[in-house]
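# Working through the structure, step by step
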Amino acid sequence: MRSILCFGEALIDFHAEGRDERGFPRAYVPFAGGAPANVAVAVARLGGSARFAGMLGTDLFGDLLLDSLRHAGVETRDVARTGEANTALAFVTLDAHGDRSFSFYRPPAADLLFRPQHFRADAFADTAIFHVCSNSMTEPAAAETTREGMRRARVAGALVSFDLNLRPALWPHAADVHAQVWPALALADVVKLSSEELAWLAGGDEAGAIARLWQGRARLLVVTDGARALRWFHPDGAGELPVYRVRAVDSTAAGDAFVGALLLQLAGQRIDPAGLDALVADLPRLHRVLHHAAAAGALAVTRKGSFTALPDSAEVLAFLEAHA
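For the structure given in this document, a descriptive report is provided here.

The rules behind the values
- Residues numbered from 1 in each chain as written.
- Predicted model: local features only at pLDDT ≥ 70, side-chain atom pairs only at ≥ 80, totals over all residues.
- Heavy atoms only, no water.
- Axes fitted to C-alpha atoms, helices over the stretch in contact; angles between N-to-C directions.
- Helix = DSSP H or I, 4+ residues; strand = E, 2+ residues; numbered from the N terminus.
- Parallel < 35°, antiparallel > 145°, perpendicular 65-115°, else oblique.
- Left-handed = near helix turned anticlockwise from the far one by under 90°.
- Contact = heavy atoms within 4.5 Å.
- Nonpolar A, V, L, I, M, F, W, Y, C, P; charged D, E, K, R; others polar.
- Phe/Tyr/Trp six-rings, centres within 6.5 Å; stacked < 30°, edge-to-face > 60°.
- Buried < 20%, exposed > 50% of the residue type's maximum accessible area, 1.4 Å probe, protein only.
- Lys NZ or Arg CZ within 6 Å of the ring centre and 35° of its normal.

We now examine the packing of helix α7 (residues 254–268) against helix α9 (residues 283–301). Contact geometry of α7 with α9 gives a least axis separation of 7 Å together with a crossing angle of 150°. As summarised for this structure, α7 and α9 are arranged roughly antiparallel, according to the angle between their axes. Once α7 is placed against α9, the crossing between them reads as right-handed. Note on element contacts: α9 touches α7 through Val 289, Leu 290, His 292, Ala 293, Ala 294, Ala 296, Gly 297, Ala 300 and Val 301, opposite Ala 254, Ala 257, Phe 258, Ala 261, Leu 262, Gln 265 and Leu 266. Within the contact of α7 with α9, the residues separate by chemical class into 13 nonpolar, three polar and no charged.

And the structure:
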């Protein structure tokens, strides 16, 4: 199977542990994370061929991330290192329902220093799917690098995937975020949004936003909504699918687990950009793909951490059998 190449940020998620008498965390425990890095690990743990491209600092946290990616089975020959900025950090706090909030220490950060020249000459030669999210677009040069990677992947014949994964705290206060992300949405074949992200993108006109998406390359939009039914859209149809109800502990990596499983299903069925229409036309097949992704996401929310929360293929298959 050709590989799934995930591009963007890898960072350290510090998760709060325990509470003192005033309600503040007693400690923060480091976990390797970052949305596209999580997706790469999700693919690898599910048995797929995963690669990660991005810039890590030449600091202890960069070393931890590189070792964690390799330990998870992710190919790292597309990783660059720099001493010009440190690896990004995020402090994660969970509420009683496992929903998370973030405090970011970024920018400056090493991942924002990746430029088009850092892509290896043959980085896209054996790539089935190229995946990105908006966190690598919070700085203009990094945003253009992200879009350039999407263009190079398309030229190479790869399927291009975009998960908005919006984190408002990462963006400069005066940034026009819509102006940055819409050009990337126009380059993607597969788009994944949360229901909140679709509402933000639509600004009150959901139908208009989805119609605008079809003016680009997109042929499949998947919208998740926590424990509520997910929705899928195609230029010629739409539908929804119930998902699995589980006890949520930590939702940090749930969306990334969903995306990783979705992309691996597409790669395993050798679905290229031209094959998305046939997938959507075969509803039982599409539903199987989405159920597989939903199962991976459901398992991830039952565990704490980022890389550490991502399930393997045996766990997903057992979960699907148990919830048939």
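Across all of its chains, the model carries 12 aromatic pairs by this definition. Between Phe 7 and Phe 119, the ring centres sit 5.3 Å apart and the planes meet at 45°, which makes this aromatic pair tilted. Here Phe 7 is found in strand β1 (residues 3–7), whereas its partner Phe 119 is found in the loop between β7 (100–105) and β8 (127–133), with 112 residues between them in sequence. The class for Phe 7 is buried, based on a relative accessible area of 2%. Residues Phe 91 and Tyr 105 carry aromatic rings whose centres are separated by 5.4 Å and whose planes lie at 65° to one another, so their mutual orientation is edge-to-face. With Phe 91 in strand β6 (residues 89–94) and Tyr 105 in strand β7, this residue pair connects regions lying 14 residues apart in the sequence. Of the aromatic side chains, those joined through ring pairs into one cluster are Phe 7, Phe 114, Phe 119, Phe 124 and Phe 130. Over the face of the ring belonging to Trp 182 we find Arg 212, whose NZ or CZ atom lies 4.0 Å from the ring centre.

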